[in-house]
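Secondary and tertiary structure notes
Here's the letter readout for the chains.
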Amino acid sequence: MNWLRGAAAVGAAAASASYVVGADCAYADALENRHSGFDPESLERGAKALREINASRFAKHVFELMRKQEDTRLAELDLDKSKNQAFQAHLDIEKQQKMAEEQRNLVQLQAQQKAQMARYEDELARKRLQTENEAQRQRNVELVKMQEEAAERKERARRATEEQIQAQMRQTEKERAELERETIRVKAMAEAEARAHEAKLTEEHNRRMLLEKMSGERDKWLAAINTTFSHIEGGLRGLLTDRSKLTMAIGGATALAAGIYTTREGARVTWGYVNRILGQPTLIRESSIAKFPWSGIVSRAASKIYSVSAKATPSENKTNFENIILHPSLQRRIKQLARATENTKSHQAPFRNMLFYGPPGTGKTMVAREMARKSGLDYAMMTGGDVAPLSSQAVTKIHEIFDWAKKSRKGLLLFIDEADAFLCERNSTHMSEAQRSALNALLFRTGDQSRDIVLVLATNRPGDLDAAITDRIDEVIEFPLPREEERFKLLKLYLDRYICSNDDAGSWWNSIFNRNQQQMTIGSLSDDVIQEAAAKTEGFSGREIAKLMASVRAAVYARPDCVLDTQLFKEIVDYKVAEHHQRLKLAANGAH
């Protein structure tokens, strides 16, 4: 019973403690809500419960229970705090995960931006390449257009000349036949009279001299033959009778033959070596470089002596293209290229390669030679037609030219005339394997821009050149036929050079031995007559005009007084114009 009462008392105390705790909580709530209007009865109930607990004999147990409850509440608070910390840690982890996700998204975005930038740069490079290809294609189109325009101009000129030929052919042929008949008749009469006179004077004298000479020669040869055979007979008899002399004779003949053979082969090998080291390549037809280091000394000394004796003025020695008559715009272009080449040489920059195209005789070779002199370079000329006959040796000869060109201390302007002869399109069926190899050798040696060689190609048919050759070309220049103004200047120039000028390069030397040489003079020949001749010579090249004036000079030499008058000049001009038209007609018939 006592145990039951004790348990009841403890339960009551626990209830009281719970009530006290509740009262304490109510009291705490009342304190917190003092200013918000709370019920004071709860505070009174809590105070009453505390008094009852203090009065009870189980107060110690109650307070111990209250302490445990408080510890439990604190443990629950710690647990709540741990939960809050774990929740906060979870929030921090989620925050770090979000930050990592954002960082990963940023890296992906940067990678995407880099890839997009790379694609954009690749697109820009592709567009730039397309632009360069389009520019190259435009240049090729312009070159083809220039070639087509030149062909059209040539075709129009050919048609115009054919129309003129049909109108003037019969009259020209009649005049030419009459002139030839008259020339042959006069020449035959003069030769017959001269032969008859000479035969009459010298016939008897020549007969006597011939008989005497034949008699003397016969006696002399008979005596020489008898003497020779007697010596040969004696020598052979002595050799056949004396064995030692025979052995010595045979040994001497053998040694002589061996010496001659050894000397000849040694000289051939030595000359080949010297020619390979110092000589000029065989393909080079003309060059300002001496063929050997010691050659040309006499000619250079003679030219210096002549320049001193002729007292040439500085203006005569300048090379400023004054003696080359071209279209004004073309002449300005040539002067600019010459200055550019000279400045390129002085600054040690790579040279630019050039292509000269146009009809024959329009001054391409002359311009190349004068450009080399103006820019201070050496000059060398070869012809494309010389390469084809070389067959398998063509490649070696091409390499020899470029190796020889590098020996020039000034730099070399290599002029290749008739370049289409071996630099034509490689797909052509008419091109041999040797020509294709020579073309490849030239392409190999001109792959990069050179500081030693200026390559100048000349052709009448630029459309036949291989595409790789045209790709090596930096400057393309057309040389058209001279207009009437240029033809007038050319006629005046060659008239002054061939007829008016009597102090040419060899006149001072000829005057020493031919003191009574008759000089040519010009009678009544005005500028109007020359202008008329310039109008008649439509379609003439510069070379044809030079040949025309050479024919005028020959006609003047044929005259006893060596005087050029208007009538003779007009006759020669008309004759050469008719000859020009006839040649064009024959060329047209051959083409058809």
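Just so we're clear, the structure is a prediction, and the values are computed from it rather than from any experiment. (Residues numbered from 1 in each chain as written. Predicted model: local features only at pLDDT ≥ 70, side-chain atom pairs only at ≥ 80, totals over all residues. Heavy atoms only, no water.)

Some points on the overall build of the protein
The condition that has to hold: Helical segments are the DSSP runs of H or I of at least four residues, strand segments are the runs of E of at least two, and each set is numbered from the N terminus. Think of it in three bands: residues with accessible area under 20% of the maximum for their type are buried, residues over 50% are exposed, and the middle band is partly exposed, with areas taken using a 1.4 Å probe on protein chains only. Whether two residues are in contact is decided by their heavy atoms: any pair within 4.5 Å suffices. Under the convention used here, a 1.4 Å probe and the Shrake-Rupley method define accessible areas, while residue burial counts only the protein chains that appear.
Looking only at helices and strands, the protein features 16 helices and eight strands. The 592 residues of the protein split such that 27% are buried. Within the protein, contacts between residues at least 6 apart in sequence are counted, and of these 80% link residues at least 24 apart. Carbon and sulfur atoms provide 55% of the accessible area of the protein, an area that totals close to 40,000 Å².

Section: the sheet that holds strand 1 (residues 284–287)
The following threshold applies: DSSP bridges decide pairing: two strands pair if at least two such bridges lie between them. Only the stretch in contact is used when a helix axis is fitted, and all axes are lines through C-alpha atoms; the angle between N-to-C directions ranges over 0 to 180 degrees.
Pairing is mixed in the open sheet, where six strands are placed in the order 1-3-4-5-2-6. Here the strands that pair on one side only, and so sit at the sheet edges, are strand 1 and strand 6 (475–478). Between one strand and the next, the sheet's axes are offset by a mean angle of 20 degrees, whatever the strand orientation. Two elements, strand 1 and strand 3 (residues 378–383), share three bridges in a ladder whose sense is antiparallel.

Re helix 7 (residues 328–346)
In an α-helix, one turn spans 3.6 residues; hence positions three or four apart end up facing the same way. Worth spelling out the cut-off: Under the convention used throughout, the expected extent of a helix is 1.5 Å for every residue step, that is, one less than its residue count. The directions considered for the arc run from the helix axis to the C-beta atoms.
Across its 19 residues, helix 7 extends 27 Å between first and last C-alpha, which sits within 8% of the 27 Å expected from 1.5 Å per residue. Taken together, the buried positions of helix 7 are occupied by Leu330, Gln331, Ile334, Leu337, Ala338, Thr341 and Thr344. For helix 7, the arc enclosing every buried residue in end-on projection is 150 degrees, short of the 170-degree limit, so these residues lie on one face. Set apart from the buried face of helix 7 by more than 90 degrees, the exposed residues are Arg332 and Ser346. Following helix 7 by one or two positions, Gln348 adopts a phi angle in the positive range, close to 55 degrees.

Concerning the packing of aromatic side chains
In this description, an aromatic ring pair is defined by two values, namely the gap between the centres and the angle between the planes. Counted only if it meets this: Aromatic rings from Phe, Tyr and Trp, with only the six-membered ring used for Trp, were paired whenever their centres fell within 6.5 Å, and each pair was classed as stacked if the ring planes differed by under 30 degrees, edge-to-face if by over 60, and tilted otherwise.
This model, assessed by the stated rule, comprises two aromatic pairs. For the pair Phe356 and Phe479, a centre-to-centre distance of 5.0 Å together with 55 degrees between the ring planes defines the contact as tilted. Of this pair, Phe356 sits in strand 2 (residues 354–357) while Phe479 sits in the loop between strand 6 and helix 12 (484–500); the two residues are 123 residues apart in sequence, bridging distant segments of the chain. This pair shows no difference in class: Phe356 is buried, exactly as Phe479 is.

Some points on the nonpolar core
Under the convention used in this document: We call a set of buried residues a nonpolar core when its members are Ala, Val, Leu, Ile, Met, Phe, Trp, Tyr or Cys and they connect through side-chain atoms within 4.5 Å of each other.
Met382, Leu414, Ile416, Phe422, Leu423 and Leu457 are the most contacted members of the largest nonpolar core, which totals 32 residues. Breaking this core down by element, the ones donating at least two residues are strand 3, helix 9 (394–405), strand 4 (412–417), helix 10 (433–445), strand 5 (453–459) and helix 11 (467–472). A total of six residues in this core trace back to one element, the largest contributor, which is helix 9. In contact with Met382, other than residues within four places in its own chain, are Leu283, Ile284, Val387, Ile401, Leu414, Phe415, Ile416 and Asp417. Ranked by size, the runner-up nonpolar core spans 30 residues in total, among them Ile325, Val529, Phe540 and Ile545.

Some thoughts on the environment of Asp561
Among the secondary structure elements, Asp561 is positioned in the loop between helix 15 (542–558) and strand 8 (563–564). Residue Asp561 is classed as partly exposed on the basis of its relative accessible area, which comes to 39%. Between the C-alpha atoms of Asp561 and Met520, which are 41 residues apart in sequence, the distance is 8.0 Å.

Section: the confidence of the model for the protein
Heads up, the rule is: The pLDDT value expresses, per residue, how confident the predictor is, ranging between 0 and 100.
In the predicted model, the protein carries a mean pLDDT of 78, and 77% of its residues have values of at least 70. Note that pLDDT drops below 50 for residues 503–509; the model gives that stretch five contacts with residues more than four away or on any other chain.

Quick notes on unusual backbone geometry
Its identity is not glycine, yet Gln348 carries a phi of approximately 55 degrees, on the positive side. Overall, the relative accessible area of 55% leaves Gln348 in the exposed class.

Overview of the pattern of salt bridges
Our working rule: Every case where a carboxyl oxygen of Asp or Glu lies within 4 Å of a side-chain nitrogen of Lys or Arg is listed as a salt bridge.
Within the structure shown, the criterion is met by 32 salt bridges. Of the charged contacts, one joins Arg153 and Glu478 as a salt bridge, the two residues approaching to 2.1 Å between their closest N and O atoms. Residue Arg153 is found in helix 3 (residues 59–241), and its partner Glu478 is found in strand 6; the two are separated by 325 residues along the sequence. Accessibility expressed as a relative area gives 33% for Arg153, which makes it partly exposed. Bridged by salt links that share partners, the residues Glu155, Arg158, Arg159 and Glu162 form one connected network.

Describing the packing of helix 12 against helix 14 (residues 527–536)
Put simply, the rule reads: Roughly parallel covers angles under 35 degrees, roughly antiparallel covers those over 145, roughly perpendicular covers 65 to 115, and oblique covers all other angles. Note: crossing handedness is left-handed where the near helix turns anticlockwise from the far helix by less than a right angle, and right-handed where it turns clockwise. Following the grouping adopted for this structure description, the nonpolar residues are Ala, Val, Leu, Ile, Met, Phe, Trp, Tyr, Cys and Pro, the charged ones are Asp, Glu, Lys and Arg, and the polar ones are all others, Gly among them.
Two elements in contact, helix 12 and helix 14, have axes whose closest approach is 8 Å; the angle formed by their N-to-C orientations is 125 degrees. Considering the angle they form, helix 12 stands oblique to helix 14. Along this stretch, helix 12 crosses helix 14, giving a crossing that reads as right-handed. Contact residues: helix 12 offers Glu484, Arg487, Phe488, Leu491, Lys492 and Leu495, while helix 14 offers Asp527, Ile530, Gln531, Ala533, Ala534 and Ala535. Residues that form the contact of helix 12 with helix 14 fall into these classes: seven nonpolar, one polar and four charged.

Some thoughts on helix 14
All of the buried residues along helix 14 are Val529, Ile530, Ala533 and Ala534. Along the axis of helix 14, the buried residues cluster in a sector spanning 145 degrees; they form a single face.

Some words on a nonpolar patch on the surface
Defined as follows: Patches here: salt-bridge-free residues with over 30% relative accessible area, like charges joined within 9 Å, nonpolar side chains (Val, Leu, Ile, Met, Phe, Trp, Tyr) joined within 5 Å.
There is a patch of nonpolar side chains on the surface, built from Trp221, Ile225, Phe229 and Ile232 and spanning about 450 Å² of accessible area. On the secondary structure map, Phe229 appears in helix 3.

Brief notes about the environment of Thr566
Its location among the elements puts Thr566 in helix 16 (residues 566–591). Look at Thr566 and you get buried, because its relative accessible area is 18%. Between the C-alpha atoms of Thr566 and Ser524, which are 42 residues apart in sequence, the distance is 5.8 Å. Ignoring any residue separated from it by four or fewer positions in sequence, one finds Thr566 in contact with Ser524, Leu525 and Val529.

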